[in-house]
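Read off the chains here:
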Amino acid sequence: MRENDIVAMVNEFLYRHGSDDVEAINAISGRALQSAPAQFTDRMLRPGDQSLLRHSAVVHGLSHMLLRTFNVGRATPVQHDAYKTAREWLDRANRPHQARRLDRQSLQRVAEGGGVRLPDEMSAFGLQFGHGLGLALHERPIISRVVSLSHPTEIKEGMVFALETYCPAKDGYSAARIEEEVVVTDKGCRVITLFPAEELPIANRY
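Residues numbered from 1 in each chain as written. Predicted model: local features only at pLDDT ≥ 70, side-chain atom pairs only at ≥ 80, totals over all residues. Heavy atoms only, no water.

**A short note on the environment of N94**
And step 1. Among the structural elements, N94 can be located in the loop between α3 (77-93) and α4 (99-112).
And step 2. For N94, a relative accessible area of 13% corresponds to the buried category.
And step 3. Sequence separation between N94 and V182 is 88 residues, and the spatial gap between their C-alpha atoms is 8.5 Å. (Helix = DSSP H or I, 4+ residues; strand = E, 2+ residues; numbered from the N terminus. Buried < 20%, exposed > 50% of the residue type's maximum accessible area, 1.4 Å probe, protein only.)

**Focus on the environment of Q39**
And step 1. Summarising the element assignment, Q39 is placed in the loop between α2 (32-35) and β2 (50-59).
And step 2. For the pair Q39 and A27, spaced twelve residues apart in sequence, the C-alpha separation works out to 7.7 Å.

**Focus: the side chain of R54**
And step 1. Here R54 shows up in strand β2.
And step 2. Only 3.2 Å separates the side chain of R54 from the side chain of E164, close enough to count as a polar contact.
And step 3. Beyond its immediate stretch of four places on either side in the chain, R54 contacts A24, I25, N26, M65, L66, L67, E164 and R177. (Polar contact = N/O pair within 3.5 Å; in protein donor to acceptor, adjacent residues only side chain to side chain. Contact = heavy atoms within 4.5 Å.)

**Topic: the confidence of the model for the protein chain**
And step 1. On average, residues of the protein chain carry a pLDDT of 81, and 84% of them reach 70 or more.
And step 2. The element-level mean pLDDT for the protein chain is lowest in α4, coming to 45, with helix α1 (residues 3-16) highest at 94. (pLDDT = per-residue confidence, 0-100.)

**Digging into the side chain of T193**
And step 1. Along the polypeptide, T193 turns up in the loop between β8 (188-191) and β9 (202-203).
And step 2. Within the local environment of T193, its side chain forms a polar contact with the side chain of E180, the two groups lying 3.1 Å apart.
And step 3. There is a polar contact of 2.7 Å between the side chain of T193 and the backbone nitrogen of E181.
And step 4. In this view, T193 contacts L66, R68, E180 and E181; residues no more than four positions away in its chain are not counted.

**Details of the pairing of strand β4 (residues 129-132)**
And step 1. Neither face of β4 is open: one carries F129 and H131, the other G130 and G132, and all of them are buried.
And step 2. Note that β4 and strand β6 (residues 160-168) share four bridges and pair antiparallel. Within β6, the residue paired with F129 across the bridge is E164.
And step 3. As defined by bridge partners, β4 adjoins strand β5 (residues 139-143) across three bridges and the pair is classed as antiparallel. Across the sheet, the residue bridging to H131 is I142, located in β5.
And step 4. The hairpin turn running from β4 into β5, its antiparallel successor, is six residues long. (Pairing = 2+ DSSP bridges.)

So this is what it looks like as structure tokens:
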């Protein structure tokens, strides 16, 4: 199966199941994950590939996103490690008292680790950040050191936003990205994404 085959099937599925609009579908695999591109190709998924599936759609007038990393057939230890790290950063970001420290640490790790060098914080924008969800896909608050330090937004109960993390693998080839939608409650953020992502999914494991 090719990346563009997956994109076509997801578009059909979302429209057939009631989406008002499908804003973007992306399926990328292999070495492309390290550069975090935004465009699929006709590349065929191969056993051992780490792959990313991302979709954003409008349902009943409200935008939502889903981003998941998975492997085909099998996964290497460094691919598992990258996924665990991305998951850890995402879980810690949901704890308000750790969010500020996490933001600095995760950016530093992305800039210094995994065979990927990022020259500054702007280069990491879109890889480690949060964004509001509602009538549009990227609403306020935008949660990133690139934006938040100069344009802070108060996080209030009832807000819905997406948190995204990215961790390159030490093989210089793979990478893990995870995104969760959360709603702010009086007890902190509650994940409302239904598709599980606690562990790296492996499709057709053998």
